[in-house]
Amino acid sequence: MKKLMTRKWAIWLGIAIVLIVAIVAITASSLNGRAGVVSDATGSVASPVRSAVNAAVDWLEGVYGYIYKYDQLLAENTELRRQLTEAQEELSSATQAEEENARLRELLNLSEKHSDFEYESAKITEWTISNWASTFTISKGEASGIEVGDCVITESGELCGQVIELGTSWATVRTIIDVDISIGVLVGEGGSAALCIGDYNLMQSGCAKLTYATFGTQLVEGSTIYTSGSGENFPAGLIIGTIAEVRTEAGGQSTYGVITPTCEFSSLSQVFVVKEFIVVE
Amino acid sequence: MYFSLINFEKLRIAVKYAIVLLVCFFLQNQVLSHVSFFGVHPMFIPAFVVAVGMFSGSVWGGVFGIVSGIFCDIGFAENLVLFTISLPIVGFVSGLLVDWFFNRRMFSYMFICAAALLVCAFLQGFDFLFFSDSSLTALKIALLQVMFSLPFAALIYLPCKKISAASRGMQ
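Residues numbered from 1 in each chain as written. Chains lettered and ligands numbered in written order. Predicted model: local features only at pLDDT ≥ 70, side-chain atom pairs only at ≥ 80, totals over all residues. Heavy atoms only, no water.

K.L.:
With reference to specific residues and values, describe helix α1 (residues 8–31) of chain B.
P.N.:
The first and last C-alpha atoms of α1(B) sit 33 Å apart over 24 residues, in line with the 34 Å expected at 1.5 Å per residue. The complete set of buried residues in α1(B) reads B:Ile13, B:Tyr17, B:Val20, B:Leu21, B:Cys24, B:Phe25, B:Gln28, B:Asn29 and B:Gln30. (Helix = DSSP H or I, 4+ residues; strand = E, 2+ residues; numbered from the N terminus. Expected span 1.5 Å × (residues − 1). Buried < 20%, exposed > 50% of the residue type's maximum accessible area, 1.4 Å probe, protein only.)

Now the structure itself:
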């Protein structure tokens, strides 16, 4: 009887010790965003599995699209050709404006306004299964020079998220509609400062919240939202989205905007992590 | 001499449970991440912990709860140690409930699973349910998450029951 009681206590003591060690290990490593040994090892082992599953899903989607979406693809192709023609015309006038701008800058002895980004391209290997956050995992990590806090953009320069957790060969990115996101932004042509934050209600519909606008700022539907560059994590001038709707807060004292991101998360497969940037205004 | 210290029967059972756990994680993280029902993803790992606790006892439930909890916390970026703490408790309590109140049949299992899934969903959405303006939305999402997880929880019942039956057969 005594031996049985001692054995039971030993088992429970062992379980308690393992639990405490696990909690301390996970907590300590997660505080600065760097994944712990267990998380990193799990992520590294799971990376090839995620890639294989994604490749299979992409192939299946391709077959499905070829069989069932041919007419839709044909119409989309025609529309894209039309947009391409318009874009080429705009490019032609933009080139003339750029040349004029360069001549004027030279005349006034102004340095050229430019943004230099150092990118690291990565593929999205897994979207979060959580219903309480909006994050995804990419195929590059610390070994590629990525750091926690680096912003993530699409090939069109649209902001889509920020790195929050880092492994050796993987990283977790929080999207701009996640509840914990907070980005300093400029609103529309006037460039009034505001804050883009996450809201759980809006996250369910794929939107973010524009709030804490400078006093006197008029929020207008259709205004484009850009990053302001404050906080040094996000370069200035990245497109976030547009104001889809202006609503009144619960207290009725102020208004806030509903931001529809320009980036389409459903079709996102490749992203670019901005490791270093220089913005000259 | 040292091999005689190892209980190979228990080790065999643990490996079988570990395989079921790996399959559950693969299904949860790789397959169901591409599938959602009304925008909600199922989360049925607590059902596995309930099954282990139910069929193999509270100690086994607690141990597998710790292992499952650690891997769940790794997978969910927004949680720090939520599942590492809650899943061992779920596993342990499941074992106790079966020892004192419930039988090991499908209905009891589904009832305990529903309770465990509800507790885990509420813990995940605790901030949104009680400290934000999104309480109703969070409640809806929590209930949908539980509802869509139950069919997957039912799939775990038979494999765990067979593993447990095989272990009792050895004894």
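K.L.:
Account for the pattern of salt bridges, naming residues and giving values.
P.N.:
Residues and elements named next belong to chain A. Taken as a whole and assessed by the stated rule, the structure comprises 8 salt bridges over all chains. Between glutamate 79 and arginine 82 there is a salt bridge, and its shortest N-O distance comes to 2.6 Å. Of this pair, glutamate 79 and arginine 82 both sit in helix α3 (residues 70–108), 3 residues apart, which is roughly one turn of the helix. When its relative accessible area of 33% is taken as the criterion, glutamate 79 is described as partly exposed. (Salt bridge = Lys/Arg side-chain N within 4 Å of Asp/Glu carboxyl O.)

K.L.:
Account for the packing of α1(B) against helix α2 (residues 45–56) of chain B, naming residues and giving values.
P.N.:
Residue and element names in this part refer to chain B. Closest axis-to-axis distance for the α1/α2 pair is 10 Å, and the angle between their directions is 165°. By the angle between their directions, the pair α1 and α2 is classed as roughly antiparallel. Note on packing geometry: the crossing formed by α1 with α2 is right-handed. Touching Tyr17, Val20, Leu21, Cys24, Phe25 and Gln28 of α1 are Ile45, Phe48, Val52, Phe55 and Ser56, all from α2. In the contact of α1 with α2, the residues fall into 9 nonpolar, 2 polar and no charged. (Axes fitted to C-alpha atoms, helices over the stretch in contact; angles between N-to-C directions. Parallel < 35°, antiparallel > 145°, perpendicular 65-115°, else oblique. Left-handed = near helix turned anticlockwise from the far one by under 90°. Contact = heavy atoms within 4.5 Å. Nonpolar A, V, L, I, M, F, W, Y, C, P; charged D, E, K, R; others polar.)

K.L.:
Help me get a handle on a nonpolar patch on the surface, residues and values and all.
P.N.:
Residues and elements named next belong to chain A. Taken together, Trp59, Leu60, Val63, Tyr64, Tyr66, Ile67, Tyr68, Tyr70 and Leu74 make up a surface patch of nonpolar side chains, about 1100 Å² in accessible area. For the nonpolar patch, the elements supplying multiple residues, two or more each, are α2 (37–68) and α3. Structurally, tyrosine 66 is set in helix α2. Residue classification places tyrosine 66 among the exposed positions, given a relative accessible area of 63%. (Patch = residues over 30% accessible without salt bridge, like charges linked within 9 Å, V, L, I, M, F, W, Y side chains within 5 Å. Areas by Shrake-Rupley, 256 points an atom, 1.4 Å probe, with all protein chains shown as cover.)

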